[in-house]
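Structural features, examined
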Amino acid sequence: MFHLMPYRDLPADFDQRYSSAYIDPVWFDVADPDKVGQYYNATLDEMLFAAKAGLHGLCTNQHHQNVYGFMANPSIMGAVLAKETNGQNVAIIQLGSTLPSTTPPTRIAEEYAMLDCISGGRLVAGFPTGLPTDATISNGVIPVEQRERYREALALVTKAWSAKEIFAWNGRHYQLGMVNLWPRPIQQPHPPIWIPGSGISSTAEYVVGQDHCFCHLSYYGAKNAEQVGDRYWELVARKGRDDNPYRFSFLQLIGVAETDAEAEDLYAAHAEYFFHKLLYTPQYYQAIPGCLEYGALVQALQNNPRAGINLRELKAKDFFARGFVVVGSPKTVREQLMDGIKRLRMGHLLALLHFGSMPTELCKRNIDLFAREVLPHLAPQWDDRYEDRWWPERLRTKRPAAMAAAS
Amino acid sequence: MATPEVRRLRLWQDRIQTEVEISGRGPPLVYLHGPWGLAPDRAFVASLAEANTVYAPKHPGTTRGDPEAVHALDTWFDLVVYYGELFDKLELSAPALVGHSFGALVAAEFAATAPKSVGRMVLIDPVGLWRDDLPVKNWMILSDKARRPSLFADPEGEAARRFFEVPSEGAERIDTLAQFIWAQACSGKFVWPIADRGFAKRAHRIAAPTLILWGKADGIIAPAYAQEFARRISGARVELIDQAGHLPHLEQPQTVMKTVRAFLGG
């Protein structure tokens with residue numbers, strides 16, 4: 001269960017007033033802090049509900065200065081989830097804290113180690129590079145340095161987790177004279193590492209090279225990710241890695257109801273809210289010079305599949321028809337998801353079961369139906385042939401039992 | 001416009017390749033381009049070359065074939081020392097420096113660091129200072145709609161049209177766009193997110209006679225900054241240019257050239 005924690009009740013004319021969901025909306029013109037308090041609580045409730053319903057992991061993320069999702073520090077959310085799910089076979093997936101934005105990054109190493117300890121070794125350590133706006137505008141990271149900072153920070157964090165001796169880190173971006181982290185994660189030498197990316201570029205190369213799990217966080221659905229999927233698996237083969245599907249995660253917006261018609265009716269407004277209001281980021285904030293390395297920049301200019309899509313011109317029926325959102329009866333959703341799982345060789349499905357303005361009751365209903373009627377049919381897809389090496393070890397053997405209980 | 005000699009230098013322990021376009025005859029003059037690369041400034045450079053030998057280096061990372069050079073310099077200090085090395089390699093002794101925007105800040109910083117190494121200096125709409133009441137616009141994150149009027153007094157004029165012109169298709173289009181974006185990335189490395197690297201603390205060291213030119217309609221950094229620079233640089237003279245924005249040398253090339261020429265004594 002993936003959650004963005006968006007602002008759920010934006011003014012109707014929000015998309016006329018602002019040309020971006022990021023950076024520009026002024027807090028005091030748009031937001032109500034009491035409501036925001038309720039959203040944070042509702043988000044935690046929904047995720048804990050998902051854990052009880054039998055979903056395998058709870059996924060938080062970090063964003064700043066926007067209406068689209070503002071878990072500014074996902075470790076705060078993760079701490080609540082880790083504590084409240086003690087004794088449950090559910091992973092705490094931090095997807096996660098953004099390394100280049102945090103100085104020194106050992107702060108994140110500490111927070112994640114705390115989460116792994118609190119959860120009893122159930123942490124999945126996600127390390128996004130961070131969206132351009134998050135890193136460079138909200139946190140002042142120099143665009144052309146974002147990726148090199150990220151790589152150095154990740155190397156520092158993984159060393160800090162497992163080093164048996166106190167060490168000095170004399171890096172290009174970080175200098176620490178005596179690193180001796182307290183606490184260390186239960187999972188040694190490190191918890192499973194998941195790294196998000198929006199396409200196949202230097203990040204994906206790096207992820208495969210390091211044998212971590214690559215998470216394609218697209219909001220455009222499996223149907224529109226086939227090219228990325230193919231290129232990912234080509235990369236995996238080229239680098240001599242195995243074809244274990246669990247090294248690939250994919251995000252999908254999902255809305256389940258009793259019938260297709262009911263689902264389309266229930267989720268239409270929330271899908272439009274998500275794509276029209278929350279996801280809307282103009283090109284000048286997405287493509288900040290330097291955030292893409294030179295090779296990736298040239299590649300993006302040659303081939304940008306989403307250039308030319310104006311989300312605000314599309315309606316709910318388009319989002320459904322194009323597969324941006326998978327909605328329908330349990331049977332329809334199962335079939336569509338299974339097509340995507342097979343086509344992309346998806347090991348982990350990051351189910352965005354809350355999106356847009358969805359109220360908490362509807363979200364819980366969505367979770368409940370998904371957990372009872374959809375998940376049990378999807379979960380065993382790869383289990384008999386592949387081991388999930390990117391899952392907390394203590395949960396690996398228990399997972400089939402949990403699934404059996406859920407089904 | 002005569003084709004300049006292009007000299008490719010290997011600098012910084014061989015980690016940076018920089019093309020320097022050399023043209024004209026006369027006393028040496030170094031031109032340091034702004035955030036959008038050397039390409040938009042070539043006509044202006046050609047005018048300078050009518051009375052000077054002009055050396056126009058490309059900022060590290062913007063030389064074709066070596067985009068990674070931007071990663072060879074980490075800090076503002078590195079960049080200033082790098083320019084010292086570049087000038088040494090070109091065997092220039094106290095050349096005149098002319099810089100625009102980001103390039104003008106580099107020129108001014110170099111002149112403050114090595115006061116005896118600069119002859120005369122012209123700063124065209126330099127960045128590098130900051131006033132809370134007059135925030136400098138971040139030119140790297142402007143919408144298309146905001147960018148033209150921020151850069152040009154006449155957003156629809158010929159200078160603006162030429163500045164934003166991109167070949168309609170093919171590899172040339174990709175290359176032009178990539179260079180335009182990457183040049184901002186490479187210069188932005190040293191001034192993101194606010195183009196204030198403490199130059200105000202060092203400005204007093206500048207010994208070079210200095211001319212400060214400013215487009216009256218500069219929408220990136222307000223013309224009031226001309227006085228902010230002038231009061232920190234001993235003896236500096238200010239000229240405001242009518243009907244020009246952040247790129248007066250493109251929008252009013254003749255006026256700018258005439259003023260520069262008179263100042264340099266050419």
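Shown above is the structure to which this text applies.
Read on for an overview of the structure. (Residues numbered from 1 in each chain as written. Chains lettered and ligands numbered in written order. Predicted model: local features only at pLDDT ≥ 70, side-chain atom pairs only at ≥ 80, totals over all residues.)

1. Here's the deal with the overall build of chain B
This is how it is decided: Only runs of H or I of at least four residues qualify as helices and only runs of E of at least two qualify as strands under DSSP, and these elements are numbered from the N terminus. Any residue whose C-beta has 12 or fewer other C-beta atoms within 10 Å is treated as exposed, any with 20 or more as buried, and any in between as partly exposed, C-beta atoms being built from the backbone.
For chain B, the count of helices and strands is ten helices and eight strands. Counting only C-alpha atoms, chain B reaches 50 × 45 × 35 Å along its principal axes. By residue count, 48% of the 266 residues in chain B fall in the buried class.

2. Quick notes on the overall build of chain A
The cut-off we apply is this: For this measure, only C-alpha atoms enter the radius of gyration; the expected value for a globule follows 2.2 Å times N^0.38, where N is the number of residues. Contact between two residues is assigned when their C-beta atoms, built from the backbone, lie within 7 Å.
The secondary structure content of chain A amounts to 17 helices and ten strands. For chain A, the C-alpha radius of gyration of 20 Å lies close to 22 Å, the compact-globule estimate for 407 residues. Taking the principal axes of its C-alpha atoms as reference, chain A extends roughly 60 × 50 × 45 Å. Expressed as a percentage of its 407 residues, the buried residues of chain A come to 50%. Considering only contacts in chain A between residues 6 or more positions apart, those separated by 24 or more positions represent 77%.

3. Side note on the packing of helix α3 (residues 33-53) of chain A against helix α4 (residues 74-84) of chain A
Between two packed helices, the angle of one axis relative to the other and the distance separating the axes together describe the packing. Residue and element names in this part refer to chain A. Short version of the rule: Here an axis means a line fitted to C-alpha atoms, over the contact stretch when the element is a helix, while the angle between two N-to-C directions is reported on a 0 to 180 degree scale. Each helix crossing is assigned a hand: it is left-handed if the near helix lies turned anticlockwise from the far helix by less than a right angle, otherwise right-handed if that turn is clockwise. Throughout this entry, Asp, Glu, Lys and Arg are counted as charged residues, while Ala, Val, Leu, Ile, Met, Phe, Trp, Tyr, Cys and Pro are counted as nonpolar. The remaining residues, Gly among them, count as polar.
Here α3 crosses α4 at 40°, and the two axes come no closer than 11 Å. Read as a crossing pair, α3 and α4 show a hand that is right-handed. For the pair α3 and α4, the contacting residues are Leu44, Met47 and Leu48 in the first and Met77, Val80, Leu81 and Glu84 in the second. Its residues assigned to classes, the contact of α3 with α4 shows six nonpolar, no polar and one charged.

4. Looking at the pairing of strand β6 (residues 193-197) of chain A
Residue and element names in this part refer to chain A. Note the threshold: Should DSSP find at least two bridges between two strands, the strands are taken to pair. Crossovers are described as right-handed under a simple rule: with the strands pointing away from the observer, the path leading from the first strand over the helix to the second runs clockwise.
Of all five residues in β6, four are buried; the element is thus mostly enclosed. Sheet analysis places strand β3 (residues 123-126) next to β6, joined by two bridges and oriented parallel. Across the sheet, Gly126 pairs through a bridge with Trp194, a residue of β6. One ladder, built from four bridges, connects β6 with strand β7 (residues 213-216); its direction is parallel. By the bridge assignment for β7, Gly197 is matched with His216. Handedness of the β-α-β unit built from β6, helix α8 (residues 202-210) and β7 comes out right-handed.

5. Overview of the sheet that holds strand β4 (residues 53-57) of chain B
Residues and elements named next belong to chain B. Here eight strands make up an open sheet; going across it, the order is β1-β2-β4-β3-β5-β6-β7-β8 and the pairing mixed. Looking along the sheet, the strands with just one partner apiece sit at the ends: β1 (5-11) and β8 (237-241). The sheet shows a mean angle of 20° between the axes of neighbouring strands, taken without regard to direction. The pairing of strand β7 (residues 210-215) with β8 spans five bridges and is parallel. Along β8, the bridge assignment pairs Leu211 with Arg237. Across the sheet, helix α2 (residues 76-89) is in contact with β1, β2 (16-23) and β4; its angle to β1 comes to roughly 125°.

6. Quick notes on the interface of chain A and chain B
The partner chain B presents 20 residues to the 19 residues of chain A that form the contact. Within the residue set of the side of chain A that touches chain B, elements represented by two or more residues are α11 (283-286) and α12 (294-302) of chain A. The leading source of residues in the side of chain A that touches chain B is α12(A), at five residues. When grouped by side-chain class, the residues that make up the side of chain A that touches chain B number twelve nonpolar, four polar and three charged.

7. Considering the pairing of strand β6 (residues 121-124) of chain B
Residue and element names in this part refer to chain B. What you see with β6 is no split at all: Met121 and Leu123 on one side and Val122 and Ile124 on the other are buried throughout. For strand β5 (residues 96-100) and β6, the ladder comprises four bridges, and the chain directions are parallel. Looking at β6, one finds that Leu97 is bridged to Met121. Handedness of the crossover is the feature at issue here: the chain leaves β5, passes through helix α3 (residues 102-113), returns alongside β6, and the resulting connection is right-handed. Of the strand pairs in this sheet, β6 and β7 are connected by four bridges, and their pairing is parallel. Across the sheet, residue Val122 finds its bridge partner in β7, namely Leu211.

8. Brief notes about the packing of α8(A) against helix α9 (residues 226-238) of chain A
Residues and elements named next belong to chain A. Operational definition: Here the word oblique covers every angle except those under 35 degrees (roughly parallel), over 145 (roughly antiparallel) and from 65 to 115 (roughly perpendicular).
At a closest axis distance of 10 Å, the pairing of α8 and α9 adopts a crossing angle of 45°. Relative to α9, the element α8 lies oblique. The handedness of the crossing between α8 and α9 is right-handed. Within the contact between the two elements, α8 uses Ala204, Glu205 and Val208 and α9 uses Tyr232, Leu235 and Val236.

9. Considering helix α14 (residues 330-344) of chain A
In an α-helix, one turn spans 3.6 residues, which is why side chains three or four residues apart end up on the same side. Residues and elements named next belong to chain A. Applicable threshold: Here the expected length of a helix is defined as 1.5 Å per residue gap, with one fewer gap than residues. Note: the arc covers the axis-to-C-beta directions of the helix.
Here α14 spans 21 Å end to end across 15 residues, near enough to the 21 Å set by a 1.5 Å rise per residue. All of the buried residues in α14 are Val333, Arg334, Leu337, Gly340, Ile341 and Leu344. For α14, the buried positions fall inside an angular range of 135° around the axis, keeping them on one side. Tucked into the core, α14 has its buried residues touching α9, β8 (248-256), β9 (325-328), β10 (348-352) and α15 (360-378). Positioned one or two residues after α14, Arg345 has a phi angle of 55°, which is positive.

10. Details of the nonpolar core
The line we're drawing: In this usage, the nonpolar core is the set of buried Ala, Val, Leu, Ile, Met, Phe, Trp, Tyr and Cys residues whose C-beta atoms join them within 7 Å.
In this structure, A:Met1, A:Leu58, A:Phe370, B:Ala107 and B:Ala111 are the most contacted members of the largest nonpolar core, which totals 198 residues. Sorting elements by how many residues they give to this core places α3(B) first, with nine residues. Not counting residues within four places of it along the chain, the set of residues in contact with A:Phe370 comprises A:Ile254, A:Val256, A:Ala351, A:Leu353 and A:Leu375.

11. So, the environment of A:Tyr273
Within the element layout of this structure, A:Tyr273 appears in helix α10 (residues 260-278). Not counting chain neighbours up to four residues away, the residues in contact with A:Tyr273 comprise A:Leu278, A:Gly356 and A:Ser357.

12. What to know about the environment of A:Pro196
Residues and elements named next belong to chain A. Turning to its location among the elements, Pro196 is positioned in strand β6. Assessed through the 23 C-beta atoms surrounding it within 10 Å, Pro196 is described here as buried. Between the C-alpha atoms of Pro196 and Cys215, which are 19 residues apart in sequence, the distance is 4.3 Å. Beyond its immediate sequence surroundings of up to four residues, Pro196 is in contact with Leu95, Gly126, Pro128, Cys215 and Leu217.

13. Structural notes on the environment of A:Lys239
Residue and element names in this part refer to chain A. Mapped onto the elements of the fold, Lys239 is located in the loop between α9 and β8. Taking the number of C-beta atoms within 10 Å as the measure of exposure, Lys239 has 12 and is therefore exposed. Between the alpha carbons of Lys239 and Pro132 there is a distance of 28 Å; along the sequence they are 107 residues apart. Once you skip the residues sitting within four places of it in the chain, Lys239 turns out to touch Val208 and Gly209.

14. Concerning α9(A)
Residue and element names in this part refer to chain A. With 13 residues, α9 extends 18 Å between its outermost C-alpha atoms, agreeing within 8% with the 18 Å of an ideal straight helix rising 1.5 Å per residue. Along α9, the residues classified as buried are Val228, Tyr232 and Val236. Taken down its axis, α9 places every buried residue within 75° of arc, on the same side. α9 presents Glu226, Gln227, Glu234, Ala237 and Arg238 as exposed residues on the side facing more than 90 degrees away from its buried surface. In the core, the buried residues of α9 are packed alongside α8, β7 and β8. Looking one or two places after α9, you find Gly240, whose phi comes out positive at around 75°.

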